[in-house]
Amino acid sequence: MVIWRTTRSGRDRIAVYLEDNVRLERPGTTSSESTMFIDLISRSGVSWEVRHQAIDLTPKPDPLFDRALVRRNALKRVLLQQTQFVVPGETEYAPELVSVQVQPPSRNLRRIQFRQRSALPFTVHSERNMNTTPPEQVTVITGGVILLVENVGEMGTIDLAADRIVVWTESPESDEWGNLDDKFQSRDTPLQVYLEGNIVIRNGDNLILAERAYYDVREDRGLMYDAEIRAYIPEVDGTLRIRASRLRQQSQKSYHAQNAWASTSQFGRPGYRIQSSDIFLEHIYTSVNPWTGLGPNAIDPATGAPRIEEVPWITSWNNTFLLEEIPLFYSPQISGPAEDPNIPLRSATFQQDRIFGTQFNTVWDLFKILGIDEPPNTEWNLLVDYMSERGPGFGTSGDYAGVDLFGLPGPFRGKGLGYYQYDDGRDNLGLDRRDLIPKDRNRGRMQLYHRHDVPGYVTLFGEVGYVSDRNYLEQYFENEFDEYKDQETLFGIQQHFDNYAWSILARPQVNAFENTTEWLPRGDLYALGEPLFGGLLTFTSHTMAGYGKLRRADAPTDPTDISTPLPFVANVDGAVVMSRNELDLPVTVGPFHFVPYVWGEAAYWGEDLTGSSLRRYVGSAGARASVMMWRVFPNVFSPIFNLQGLAHKMVFDADYSYIDSTEALAGIAQYNEFDDNSQERFRERFITNTYSGMIPPQFLARPYAVRAGGATSVTAPYHELVDDLQVLRMGWRHRLQTKVGPPDRLRTRDWMTLDLEASYFPDPGRDNFGETFGLLGGRYKWQISDRNSIVGNATYDLFDGGQEYWNAGVLSQRSARGSFYVGVQQVKGMAIDSQILTGSFTYAMSPKWVSTLGTAYDLAEGQDRGQSITISRIGADFVVHFGFNADVSKNNAGVAVSVEPLFGPFNASTTRLSSLLGMQ
C-alpha cells in the first residue's frame, strides 16, 4: 500500500492506495477487491505505530507508487469536473465524513471490470463512433463475459453476465477499451449494455435471468425479454419468482412484468401460480403501517421520530390462480406485501364416504379475493364446500388480535365462524340413530369469541354460539361437539387483584334444544386465602347472586331420536343467591401438617324442581392432614433404566369431613351445569337404551358427584352438589425420583409414580350403598426414559354392580419422529361390560413421508370399532394427506385427500403435522 498523510485546519487526512487481495472491513460489511483507494478525514488526530523502518532513503523508481499516484490524480480530476465554484485552499480535500466508519473515497466514481465467464477467453472489438455528440465508444464482446460495475446507487455492485454483450459509453480521449483493463469513470457518464444468451443479472438481493436484455447502468433501468426475476424476501426466508415475456426495470427496486406469473415455488414451472397481465414489484418507504394506514409501526429511540420502514410490495392485474393448469380463481387486482404470495387458496380437501358422499372442501383467503389489505395478526377465510349426499355449504371464519381496540387500551383477541349448510339428506349419528330426519334443510351455525384485557386487571369477554338444530354439530363437527366447550352466548366483565376477584355476566338461551340456564344477570365475588389474626387463620369465600331461568331442552323433532329429560332439570326460574365461607387453622407439628377447617353455606332459590322457593343451609367441619417420608439411595445406577441415584418419597394424606344440609339435594334444580352438552345428550339416551327408563341409584350423576366430593370446595362452580355426608378420604402417594441430564446440569425427574386412594364411609347405608369402603383408585406411571413410559389407572366400588374401570397402556413419544400408543380399557357396571383395545401411532417414515394410524377393537363383544389411517406426502410447496377411515357404529367408510400449502405465510403453523415437519 501507499499512504499519504496531510494536516490542515486541525484535521488529519489519510489517503491510502492498496493492491493485491485487498479487504475492507466496515460494520456489517466486508469488501474484497484487487485494488482500492480510500480517503479518511479525522478531527481527533492520527497515531502511528511503526514496527519496521527503512534505513536507505535514496529515491528509487517504484512502480507501486506510480500506479498509486495515477489513481489518486484520476480521483482529483473527477471531483474537479463536478465543481463550478472552487474555494481556494480546499480543493485537495474530499467532503468531511460525518460518520466515523470507513467510507470509499468518492460516491461519484464507479469502477468497471471485465471477467471471463468460462475457461475460454472472450473476443473484444471496440471502436469510437464519431457520429454522436459527444463521441461514443462501442465495444462488442463475445465468447462469454462477466461485467462488474461497482459503486452503482444503493446496490453497490451490479453483476451482468451473458454469452454476448455490447457496451456503449462516452468515448475517452484515448482508446483505452481495447485491452479491457479495469476502468474508472464518473457515475454520471452514460453506460449502456445490451446482452444476449443465458443472461444472469445480480442486483442486490435480486437475481434476473433472461435471453435478451438492455441495461442502462447510469439510469438503473433495463428491459429484459423471456425473463425471470428472483427476489429474496427476508420476512419468510424465501424467494419470490416472477416470470414474464417482458420485464422492465424502472429503477433499482421497481419492476414491471408483462404477461407474467408469480410464485414462491422453486420448480421450473410450478404446480401453483398466479398468472397476470401485469405485475408491479416496488418498495414502499413509510412510517405508517402499510396494512391499515393507522399510525407508526415503531419509534426510533435515537430521534423520537417514527421509524421509516421499507416494504416490498406487489400489485398485479387480471389475475388467474392456476393449480397445475386448472384455473380456480380470478381477481381483477391483487395488492399486498411481497412476502405474501397472494394465492387465495389456503387448503383443498377431497373426501368420499357413505354419509356425505363425494365431498370437496376448500378454504380461501377473503382478503385476497376482495383485494383488501390484510390487517396484522388477522385471518379471514371463505369456506366453500359441496357434498353430493347432503348439498352445498359455505361460510366464513377468521381470527384477530391487536392492541387498543376503538381507543380502548389493552390487548385483545378473538375468533369467529359462520356457516350455512343446505342439507337434503339424513343424519347418521351411530347405532340406533343412523337415519334421523333433520328439523330443516337450512342448517348452520354462528360462533364468536372475544376477549379484551384493559388496564387495572379488568377483562371484557363475550361469546356468541348459535346452532340451527339439535344434531347439526354432532353430525358435521363431531370432534368439536365431543371435546370442545359448549356453544354459549354470554357477555361479561371480570377483575382480579391480589387474592380477590369479581365478575358480572349475562347469558341468554339461544339454542332451545340444549339444557341451559339463562343468567339475567349474575355476579360472583371471590376472596381466596385471606390471612386473619396475623396468619393464625385463613379465610376463603365465594358469594354469588343472579336471576336464573333454567330451561329444559326441547324434545327431538324426529321420534326415533331417543331422549329422556334429565331428572334434575326443569323449566323453573327465580333469584339464585349463595354465600359459602371457610375458615382454616393450619398447624404444623414436627413432620405432620394439620388443617382443621369449618365452612358454611347459605343459599336461596326462587324456584326448586317443584316450583316452590327454597332455602338451604349447609355446615361442614373436618380436618386435613399430611406427612411426608423419604429415603435416598445414592448408589443406585443403571444405564439401561437411565438411573443416577434414586430417591423414594411418600406422602400420606387424609381429609375427614362431616357435612350436614337442611335440604336434600333431590329437590334442588341444577342451575349450574356440571356436564358438557355432549355428556348430557349421552345421559338422556343412556336412561332409555341401557336401563329402560330407570337409572339405578348407583349410577345417578348427582349422588355420585356428592359421594366423590365434587363440590365441597368453596370455589366449586356448581354449589348445589352437596348433601348430608360423612367421609374420610385417604391417599398414599409415591414418587421414585432420579437425576438426568449432563453432569453440570443435572435435574430431578419422576422415574416412577404411584397414587393410591380410598374413601371410608362411617354411615355406609346412607352414603355408600351399604359398603364401608369405596371409590378405590390408583394412578401409575413408569417413565422408563424421556420418550417411553407405561401408564395405568383404575377406579373401583365394592357394592354390587359398582363401577369397575381400569386402563393400561404403553406410550412411546419420539418428538422428532412421532409417537406410539397401545392400551386396553375396561368399563364395567351392571348392564355395561366393555373391554376396548386401542392403538395409535404417528411416524415420520422419511423427510418426505409421514403416517398416522388409529384403531379400536371391542374384546368383550369381539367386534371391530373402527380405524383411521393417513399418509402424508411432504413436498416443497404442499403437504398432501391421503386418508382412509371406517366407523362401525355408523356403518361408514370413507377416503380423503387434503392439500395444505407450505409456502409464504402458510408454512408456520397451518399444517396438522407441524410438530413432525419442524414448524412448531
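Residues numbered from 1 in each chain as written. Predicted model: local features only at pLDDT ≥ 70, side-chain atom pairs only at ≥ 80, totals over all residues. Heavy atoms only, no water.

(A) View of the overall build of the protein. In terms of helices and strands, the protein carries 7 helices and 43 strands. Every one of the 920 residues in the protein was classed for burial, and the buried ones make up 42%. With an accessible surface of roughly 47,500 Å², the protein has 57% of that area assigned to carbon and sulfur atoms. (Helix = DSSP H or I, 4+ residues; strand = E, 2+ residues; numbered from the N terminus. Buried < 20%, exposed > 50% of the residue type's maximum accessible area, 1.4 Å probe, protein only. Areas by Shrake-Rupley, 256 points an atom, 1.4 Å probe, with all protein chains shown as cover.)

(B) Broad picture of the pairing of strand E18 (residues 357-365). Most of E18 is tucked away, with 7 of its 9 residues classed as buried. With 8 bridges joining them, strand E17 (residues 345-353) and E18 adopt antiparallel strand pairing. Across the sheet, residue Gln351 finds its bridge partner in E18, namely Gln359. Pairing analysis gives 7 bridges linking E18 to strand E19 (residues 378-387), with the strands arranged antiparallel. Within the sheet, the bridge partner assigned to Asp365 lies in E19 and is Asn381. (Pairing = 2+ DSSP bridges.)

(C) Examining unusual backbone geometry more closely. Leu520 connects to Pro521 through a cis peptide bond whose omega is -10°. Phi angles above zero are rare outside glycine, and Asn198 is one such case at about 50°. By the secondary structure assignment, Asn198 is in strand E9 (residues 191-203). Although it is not a glycine, Asp226 adopts a positive phi angle of roughly 50°. Mapped onto the fold, Asp226 is located in strand E11 (residues 221-233). A relative accessible area of 43% means that Asp226 is categorised as partly exposed.

(D) Just the confidence of the model for the protein, in detail. With 85% of its residues at a pLDDT of at least 70, the protein reaches an overall mean of 84. Below pLDDT 50 for its whole length, residues 904-920 participates in 40 contacts with residues either more than four positions away or in separate chains. (pLDDT = per-residue confidence, 0-100. Contact = heavy atoms within 4.5 Å.)

(E) Expanded view of the pattern of salt bridges. On inspection of all chains with the given rule, the structure shows 49 salt bridges. We note a salt bridge from Arg413 to Asp453, for which the minimum N-O separation is 3.8 Å. Taken together, the residues span a long stretch of sequence, with Arg413 in strand E21 (residues 408-422) and Asp453 in strand E22 (residues 442-454) at a distance of 40 residues. Look at Arg413 and you get partly exposed, because its relative accessible area is 43%. Through salt bridges with shared partners, one network takes in Asp653, Arg733, Arg735, Asp750, Asp755, Glu757 and Arg779. (Salt bridge = Lys/Arg side-chain N within 4 Å of Asp/Glu carboxyl O.)

(F) Summary view of the packing of aromatic side chains. Tallied over the entire structure, the rule returns 20 aromatic pairs. Pairwise contacts between aromatic rings join Phe356, Tyr472, Tyr476 and Phe477 into one cluster. A cation over a ring is seen here: Arg212 above Tyr225, with NZ or CZ 4.6 Å from the ring centre. When the ring centre of Phe477 is taken as reference, the NZ or CZ atom of Arg445 above it lies at 4.6 Å. (Phe/Tyr/Trp six-rings, centres within 6.5 Å; stacked < 30°, edge-to-face > 60°. Lys NZ or Arg CZ within 6 Å of the ring centre and 35° of its normal.)

(G) Inspection of the nonpolar core at higher detail. One finds Phe114, Leu147, Ile165, Leu195, Met224, Ile242 and Leu247 to be the most contacted residues of the largest nonpolar core, which totals 39 residues. Excluding residues within four positions of it along the chain, Met224 makes contact with Ile201, Ile208, Ala210, Arg212, Ala213, Tyr215, Ser245, Arg246, Leu247 and Gln249. Among the nonpolar cores identified, the runner-up in size contains 33 residues, and Met544, Val618, Ala669 and Tyr671 belong to it. (Core = buried A, V, L, I, M, F, W, Y, C linked by side-chain atoms within 4.5 Å.)

(H) Molecular detail of the pairing of strand E39 (residues 832-846). Relative to E39, strand E38 (residues 818-829) runs antiparallel, the two sharing 12 bridges. Bridge pairing links Val822 to Gly839 in E39. Between E38 and the antiparallel strand that follows it, E39, lie 2 residues; Met830 among them carries a positive phi value of about 55°. Where E39 meets strand E40 (residues 849-858), 10 bridges bridge the pair, whose relative direction is antiparallel. Residue pairing in the sheet places Gly839 in a bridge with Thr855 of E40. Between the antiparallel neighbours E39 and E40 lie 2 residues.

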